[in-house]
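Close look at the chain arrangement
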Amino acid sequence: MKQVSKIQSVVKIRKEAKKTGRIGFVPTMGAFHEGHLSLMRKAAAECDFVVVSLFVNPLQFGQKEDLTSYPRTLSKDRKKAASVGVDLLWTPTEAALYPDGFQTTIELGEISRCWEGASRPGHFQGVATIVAKLLQIVRPDRLYLGQKDYQQVCVIRRMITDLHFETNVRALPIMREKDGLAMSSRNRRLSADERAVAPILHQALRQAEKQVRHGERNAVTILQAVTETLKSIQRMTVEYVALCDPSSLEALDRLEKEGVLLVAVQLGPVRLIDNVLLKEKG
Ligand code: PAF
């Protein structure tokens, strides 16, 4: 596996790689866990050349958010990426991606304003802008994203369609710890007590799946049950619980065919999100 930081090096290497096959791309902010590695493995299985970018993007963090405390574990990340078949690890600098005078960003529509977008103003604009820049440089055939950031996948899909990027999005399932907690680089910042109660998110989602299996279709009833479960943990602050259309993310009154249940909570210093796709049948 090669590691480079310069944009020009990536452009040159990807041009060569493109001659012999399909390029897969996994954009990341580092602190790799099994969720990231599952994306890299899939990319390696489906593509001839795999590029992983590692860049903690300041543009997607709000003023009060955890940019400085975001985990940075480059040497471990490098070993992990090499072990799952990544060909190129790209670690760009902030100065290269946001040079003096930088002022062009992606303006997003409705899909970016609800849920995570409402809780974290400017977040998706930062995500979309960096992803657009990375796609422009790597020009991958396939882009690999994790379903844990469900709304992020929707926003990026929308941008790719609207701006005619020539890449296929592959969204892969959430990877979970044994006790159900969705894997996230932020989990390591939970105290032992917080970590012990964190799996309640997944339990609440599973409870909703069960309700649906037993015939419940009313959004209010489903959301109330999830909210009550989460609120049973004193130190947990519920930010939102939403049942929405899986593509537009508009809130649903009733579950018809399919819906996605999204949750976000604050637990100690960490914001946790999780989701599950609910289907009328199965
Ligand atoms: O999901 C992430 O880690 C980031 O939002 C992404 C897509 C790498 C953009 O910085």
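Refer to the structure presented above.
This report concerns the structure included in the present document. (Residues numbered from 1 in each chain as written. Predicted model: local features only at pLDDT ≥ 70, side-chain atom pairs only at ≥ 80, totals over all residues. Heavy atoms only, no water.)

This brings us to the pairing of strand β8 (residues 258–267). The buried fraction of β8 amounts to eight of the 10 residues, a majority that puts the element mostly inside the structure. Examined bridge by bridge, strand β7 (residues 236–244) and β8 share eight bridges and lie antiparallel to one another. Its bridge partner being in β8, Thr-237 is matched across the sheet by Gln-266. Judged from the 10 bridges that link them, β8 and strand β9 (residues 270–279) form a sheet pairing that is antiparallel. Across the sheet, residue Leu-267 finds its bridge partner in β9, namely Val-270. Taken together, β8 and the strand that follows it, β9, pair antiparallel across an intervening segment of two residues, in which Gly-268 is found at a positive phi of about 60°. (Buried < 20%, exposed > 50% of the residue type's maximum accessible area, 1.4 Å probe, protein only. Helix = DSSP H or I, 4+ residues; strand = E, 2+ residues; numbered from the N terminus. Pairing = 2+ DSSP bridges.)

Looking now at unusual backbone geometry. Phi is positive for Arg-139, which is not a glycine, with a value near 45°. Relative to the helices and strands, Arg-139 is located in the loop between α6 (123–138) and β5 (142–146). For Lys-257, which is not a glycine, the phi torsion comes out positive at approximately 60°. Mapping Lys-257 onto the fold places it in the loop between β7 and β8.

Moving on, we get to the pairing of strand β3 (residues 49–54). Of all the six residues making up β3, six are buried; the element is thus mostly covered by neighbouring parts of the structure. Across six bridges, strand β2 (residues 23–28) lies against β3 in parallel orientation. Among the inter-strand pairings, Gly-24 is bridged to a residue of β3, identified as Val-50. Where the polypeptide runs from β2 across helix α2 (residues 34–46) and back to β3, its parallel neighbour, the crossover connection is right-handed. Sheet analysis places β3 next to strand β4 (residues 88–90), joined by three bridges and oriented parallel. Each bridged residue has a counterpart across the sheet, and for Val-51 the counterpart in β4 is Leu-88. The parallel pair β3 and β4 is bridged by helix α3 (residues 74–83), and the resulting crossover is right-handed. (Right-handed = clockwise from strand over helix to strand, strands pointing away.)

This part takes up a positive patch on the surface. A cluster of basic residues, Lys-76, Arg-78, Lys-79, Lys-80 and Arg-188, forms a positive patch on the protein surface. Within the secondary structure, Arg-78 is located in helix α3. (Patch = residues over 30% accessible without salt bridge, like charges linked within 9 Å, V, L, I, M, F, W, Y side chains within 5 Å. Areas by Shrake-Rupley, 256 points an atom, 1.4 Å probe, with all protein chains shown as cover. Salt bridge = Lys/Arg side-chain N within 4 Å of Asp/Glu carboxyl O. Lys, Arg positive; Asp, Glu negative; His and termini not counted. Charge placed at Lys NZ, Arg CZ, Asp CG, Glu CD.)

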